[in-house]
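Chain by chain, the residues:
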Amino acid sequence: MLSTMTVKSFDATDHARIAELGQGVLRGEPISREEGRWLFDLGDTADVFDLLSWANRIREHFKGNKIHLCSIVNVKAGGCSENCRFCAQSVLYQTDSPRYGLIEPDAVLAAADEAKANGVTGLGLVAAWRGLEEGPVLDEICQRFEELKRSGKARPDASLGIIKDQKVADRLRQAGVECYNHNLESSRRFYPQVCSSHTYEDRVQTIGHLKHAGIKICSGGIIGMGETREDRCDLAFSLRELGANVVPINILNPVPGTPFANVEPLAPLEILQTIACFRFILPRQEIMIAGGRTVNLRDMQSMIFLAGASALMVGNYLTTLNQPVEKDLQMLKDLGLDPNWDKHGFSDQEPCGCNPGHEMACASS
Ligand code: SF4
C-alpha cells in the first residue's frame, strides 16, 4: 500500500551553513548582520531545531552549565507618567495594576532574604516612574541600596528609568549598585510604536552615563509587540554594539487595558528561534529570559536553555505572575544546570570596545 505521507526534502545547504556559522562563533568570530538576518529568517522547523542545537553548544562553550538567577522587587508601583504601550503601570491606561509609593527598607530586606533563600544572585530594585534626578528621592533610594549592600544578601541591582545627569549614575554606583537594567525595548525603527513620551536616544544616553559610572549594563527588550524579525535582529546588534553584559528577553504578555492588549502572541518556536539568534550574535553575554515566559512558552519553557539562554528571572514579574521559584529550580536540576552563578561573574565577557558615554533601556514590566 502506498503511503500518503509527504516526505519533505532535506536542505543540506542550510544545515551546513548553520553549522558553519555555529563553528565560527565557537572560534570567537562575530557573525555579520547579514548572517544574523539569515538566521532570523529561517522558516523550516528542522532548520530551527538545528539552530537551537548550535545555540546550546555556544551557551555551553561560553557559559558552562551555570545559570544566573535574578529577581526584582517593585519599590514604587503604578502611576507612571510615561506611555510605554505594553506597560500596565502607565497612568494613561486603565489596568488592575497596584499603585503604591516608595516601600520601606524592611520590605527590601525581606525581598533580599527571599532571594538569598532561593539562591538568587541579583535583586533589582525597580520603580515605575520616568527616571531619577538629584533630590530627596535619590537620597532615599541610595539608602536602600546601601542597606542592601551592607546586608550581603543579594547583589544590589536597579531598574529606575532614565538618567540624564552623570552625577546621578555616580551616586548610584557609590551606593553599591552593580548592575542597572535599562532596556532598548526594540529596534530604533520600531521604538516609536512602543513609546512616544521619551526617546530611544534618552535610553542610549542613560546607558552611556551608567557605563561611565562603572555600572554593569542589563539591557534587552520585549518581543511579540508586532515588530518584524528584522527589528529583533537590529535590537540584538544594537545590544552588541552597546556592550550590554546581561540581555533580558521579555515576551509580551498582553495586559488588558494597555494599547497592546490584543496583539497576537508569538508561536513558542519563534520565541525559541529568537533566543537562539541572540545567542549567536551575543555569545558571551548573559541572555536572560524574563517576563512572559510562562504564559507564552507553556510546557516548552525548559527549551529556553537549549535555545541558548543562560539566565533566568525568577519570582513574580512587576505586574504579571511567574511560575513558583521551586518549579524553576527543579527544572534547572532536571536539566543538569547549576544556578550557582557566584563564581561565574561578568569578567568572562569581552570588552565591547566602544567609548563610554557615547553609546547608545527602563523596567520592562
Ligand atoms: S515601562 Fe517603565 S517608564 Fe514605561 S510606563 Fe512602565 S513604568 Fe513607566
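Quick note: structure is the one above.
Reading guide: rules and limits
Residues numbered from 1 in each chain as written. Predicted model: local features only at pLDDT ≥ 70, side-chain atom pairs only at ≥ 80, totals over all residues. Axes fitted to C-alpha atoms, helices over the stretch in contact; angles between N-to-C directions. Helix = DSSP H or I, 4+ residues; strand = E, 2+ residues; numbered from the N terminus. Parallel < 35°, antiparallel > 145°, perpendicular 65-115°, else oblique. Left-handed = near helix turned anticlockwise from the far one by under 90°. Contact = placed C-beta atoms within 7 Å. Nonpolar A, V, L, I, M, F, W, Y, C, P; charged D, E, K, R; others polar. Expected span 1.5 Å × (residues − 1). Buried ≥ 20, exposed ≤ 12 C-beta atoms within 10 Å, placed from the backbone. Arc of directions from axis to C-beta. Pairing = 2+ DSSP bridges. Core = buried A, V, L, I, M, F, W, Y, C linked by C-beta atoms within 7 Å.

**Q** So what exactly am I meant to see when it comes to the packing of helix H3 (residues 45-63) against helix H10 (residues 268-281) here?
**A** When two helices pack together, their arrangement is captured by the angle between the axes and the distance separating the axes. One way to put it is that H3 packs onto H10 with a least axis distance of 9 Å and a crossing angle of 40°. Classified by the angle between their axes, H3 and H10 sit oblique to one another. For the pair H3 and H10, the sense of crossing is left-handed. Between H3 and H10, the residues in contact are Thr45, Val48, Leu51, Leu52, Ala55, Ile58 and Arg59 and Leu269, Leu272, Gln273, Ala276, Arg279 and Phe280, respectively. For the contact of H3 with H10, the residue count by class is 9 nonpolar, 2 polar and 2 charged.

**Q** For this particular structure, what's the right way to read helix H5 (residues 136-151)?
**A** One turn of an α-helix holds 3.6 residues; hence residues three or four places apart share an orientation. Between its first and last C-alpha, H5 extends 23 Å over 16 residues, near the 22 Å set by a 1.5 Å rise per residue. Residues of H5 that are buried include every one of Ile141, Arg144, Phe145 and Leu148, and no others. For H5, the buried positions fall inside an angular range of 95° around the axis, keeping them on one side. Opposite its buried face, H5 presents the exposed residues Pro136, Asp139, Glu140 and Arg150, each directed more than 90 degrees away.

**Q** Help me out: how do you make sense of the pairing of strand S2 (residues 122-127) in this one?
**A** Remember that side chains alternate between the two faces of the sheet whenever the strand is regular. By the criterion of burial, S2 is predominantly enclosed, with 6 of the 6 residues buried. Because side chains alternate across S2, one face comprises the buried residues Gly122, Gly124 and Val126, and the other comprises Leu123, Leu125 and Ala127, equally buried. In this structure, strand S1 (residues 68-76) lies alongside S2, joined through 6 bridges in parallel fashion. Within the sheet, the bridge partner assigned to Asn74 lies in S2 and is Val126. Pairing between S2 and strand S4 (residues 155-159): 5 bridges, direction parallel. Considered in S4, the bridge of Gly124 is made with Asp157.

**Q** Can you help me understand the environment of Pro254 in this one?
**A** Relative to the helices and strands, Pro254 is located in the loop between strand S9 (246-251) and H10. Taking the number of C-beta atoms within 10 Å as the measure of exposure, Pro254 has 20 and is therefore buried. Between the alpha carbons of Pro254 and Gly292 there is a distance of 8.9 Å; along the sequence they are 38 residues apart. Each residue touching Pro254, except ones within four places of it in the same chain, is listed here: Phe260, Ala261, Asn262 and Val263.

**Q** Explanation requested: the nonpolar core in the structure shown.
**A** One recurring pattern in soluble globular proteins: nonpolar side chains tend to sit buried together. Counting 100 residues, the largest nonpolar core has Ile275 and Met288 as its most contacted members. By residue number, the principal contributor to this core is H10, which donates 8 residues. Apart from residues no more than four positions distant in its own chain, Met288 is found in contact with Cys70, Val246, Val247, Pro248, Ala311, Leu312 and Met313.

Purely geometric numbers; function is a separate question.
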